[in-house]
Amino acid sequence: MRIVLLGAPGAGKGTQCKYIVDRYHLLHLSSGDILRRHRVRGTELGKKAQSYMDSGGLVPDNVIIEMMIGEIGRAPAGGYVLDGFPRTVKQAAGLDKALGDKDEKIDAVLNLSVDEDVIVRRITGRRICPKCAAVYHIENVRPRVDGVCDKDGSKLVQRPDDTAEVVITRLKNYNEQTAPLVDYYNRGDSVYTIDANGDAEDVKELIFSKLDSLA
Ligand code: AP5
C-alpha cells in the first residue's frame with residue numbers, strides 16, 4: 001500500500017504515521033525527518049535546506065523531488081506512507097511521473113484536518129529528542145520526567161521552526177502551496193479527510209477504519 005498523508009504543520013502527521021506503519025507494516029518516509037538527518041550529518045543537502053527550514057519556508061522543489069524519489073526507490077515492496085511530501089503541486093506531479101514510470105500509483109491520500117488554534121498549541125508545545133527524534137508535547141504527550149526523553153534520557157529541545165512567529169509563516173505556506181493538493185488528488189477521488197482535532201488515539205481509530213476498508 002502506498003499512502004500520502006496530507007495535513008498542516010503540527011496536524012499530527014508524524015504521530016499518526018507511527019501507528020500506521022506498525023499496523024500495516026509500511027515504511028515511514030518523512031521529508032522533514034530526512035532533511036533533519038541530513039542537517040545532523042552536515043551534508044550539502046542539509047546545509048542547503050537549513051535556512052529554508054528554520055524560517056518556515058519550503059526547500060526548493062527540485063531538491064526535494066530528487067531526495068524523495070531516491071528514498072521511494074529504496075522502499076520495500078510492502079509500501080510506504082509519505083509524510084510531508086508532496087507539499088506542492090509540482091512535487092505531486094514529480095511523484096506521479098516517477099510512479100507512472102514504474103506502473104505504480106498512490107493507493108490512498110489521507111488529509112488530516114485540524115483547526116488553526118489547535119495547530120498552534122500543538123506546534124508550540126512540541127518537544128523532541130535531539131538524539132532519537134522521539135516527539136512529545138508539554139501537555140498532551142508528556143515524558144515520564146519533565147524535559148527528558150523516555151527512551152534515551154536526552155534533554156528534550158524545541159525545534160527551531162516551532163516558535164509562534166515561524167508557525168505563522170509555515171501555516172501561510174501550507175495554505176498557499178500545500179492545501180491545493182487536496183483538489184489535485186481529488187481528481188483521482190482517493191482523498192479521505194479525517195477530523196484530526198481529537199486526541200491521538202481517536203484520530204488513529206478513524207484512520208484505521210478508513211484504511212481497513214481499503215485493504
Ligand atoms: P516537517 O518536519 O514535515 O514539518 P511539518 O509538515 O510542518 O509537520 P510537523 O512535523 O510540524 O507536524 P506533524 O504534522 O508531523 O505533527 P506531529 O505529529 O509532530 O517539515 C519541516 C520543514 O522541512 C518545512 O517547514 C520545510 O522547510 C522542510 N520540508 C519538509 N518537507 C518538505 C517538502 N516536501 N518540500 C519543501 N520543504 C519541505 O504533532 C505535533 C505535536 O502535537 C506533537 O507535540 C505531538 O505530540 C502533538 N500531537 C499530535 N497529534 C496530537 C493529537 N491528536 N492530540 C494532541 N496532541 C497531538
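Rules used throughout
Residues numbered from 1 in each chain as written. Predicted model: local features only at pLDDT ≥ 70, side-chain atom pairs only at ≥ 80, totals over all residues. Heavy atoms only, no water. Buried < 20%, exposed > 50% of the residue type's maximum accessible area, 1.4 Å probe, protein only. Helix = DSSP H or I, 4+ residues; strand = E, 2+ residues; numbered from the N terminus. Pairing = 2+ DSSP bridges. Core = buried A, V, L, I, M, F, W, Y, C linked by side-chain atoms within 4.5 Å. Contact = heavy atoms within 4.5 Å. Expected span 1.5 Å × (residues − 1). Arc of directions from axis to C-beta. Near = heavy atom within 4 Å. Polar contact = N/O pair within 3.5 Å; in protein donor to acceptor, adjacent residues only side chain to side chain. Nonpolar A, V, L, I, M, F, W, Y, C, P; charged D, E, K, R; others polar.

1. Side note on the pairing of strand β1 (residues 2–7)
By the criterion of burial, β1 is predominantly enclosed, with five of the six residues buried. Pairing analysis gives four bridges linking β1 to strand β3 (residues 80–83), with the strands arranged parallel. In the sheet register, Leu5 faces β3, and the bridge partner there is Asp83. Relative to strand β4 (residues 108–113), β1 is paired through five bridges, and the arrangement is parallel. From the neighbouring strand, Val4 faces β4, where its bridge partner is Val109.

2. Regarding the nonpolar core
Counting residues in each nonpolar core, the largest one holds 28 residues, and the members touching the most others are Val4, Met68, Leu82, Phe85, Leu95 and Tyr185. Setting aside its immediate chain neighbours within four residues, Met68 contacts Leu29, Ser31, Ile34, Leu82 and Phe85. Counting 26 residues, the second-largest nonpolar core is a separate cluster that includes Ala8, Ile20, Leu112 and Phe208.

3. Here we look at helix α7 (residues 164–178)
For α7, with 15 residues, the first-to-last C-alpha span of 20 Å sits near the 21 Å given by 1.5 Å per residue. Along α7, the positions that sit buried rather than exposed are Val166, Val167, Arg170, Leu171, Asn173, Tyr174 and Thr178. On an axial view of α7, the arc spanned by its buried residues comes to 165 degrees, and they lie on one face. Along α7, the residues that are exposed and aim more than 90 degrees away from the buried face are Glu165 and Ile168.

4. Looking at unusual backbone geometry
Phe85 connects to Pro86 through a cis peptide bond whose omega is -5 degrees. On the secondary structure map, Pro86 appears in the loop between β3 and α5 (89–101). Despite not being glycine, His25 has its phi angle at roughly 55 degrees, a positive value. By the element assignment, His25 lies in the loop between α1 (13–24) and β2 (27–30). Residue classification places His25 among the exposed positions, given a relative accessible area of 65%.

5. Some remarks on helix α6 (residues 116–124)
By the burial criterion, the buried members of α6 are Val118, Ile119, Arg122 and Ile123. Considered in projection along α6, the buried side chains sweep an arc of 125 degrees and stay on one side of the axis. For α6, the secondary structure elements touched by its buried residues are β5 (126–128), β6 (135–137) and α7.

6. Examining the site of the ligand
Around the ligand sit 35 residues in total, of which Thr15, Gly57, Arg87, Arg126 and Arg170 are the nearest. One of the side-chain N or O atoms of Arg159 is found 3.0 Å from an oxygen atom in the ligand. Counting residues per element, the shell around the ligand draws most heavily on helix α2 (residues 31–41), which supplies four residues. Tallied by class, residues from the shell around the ligand come to 14 nonpolar, twelve polar and nine charged.

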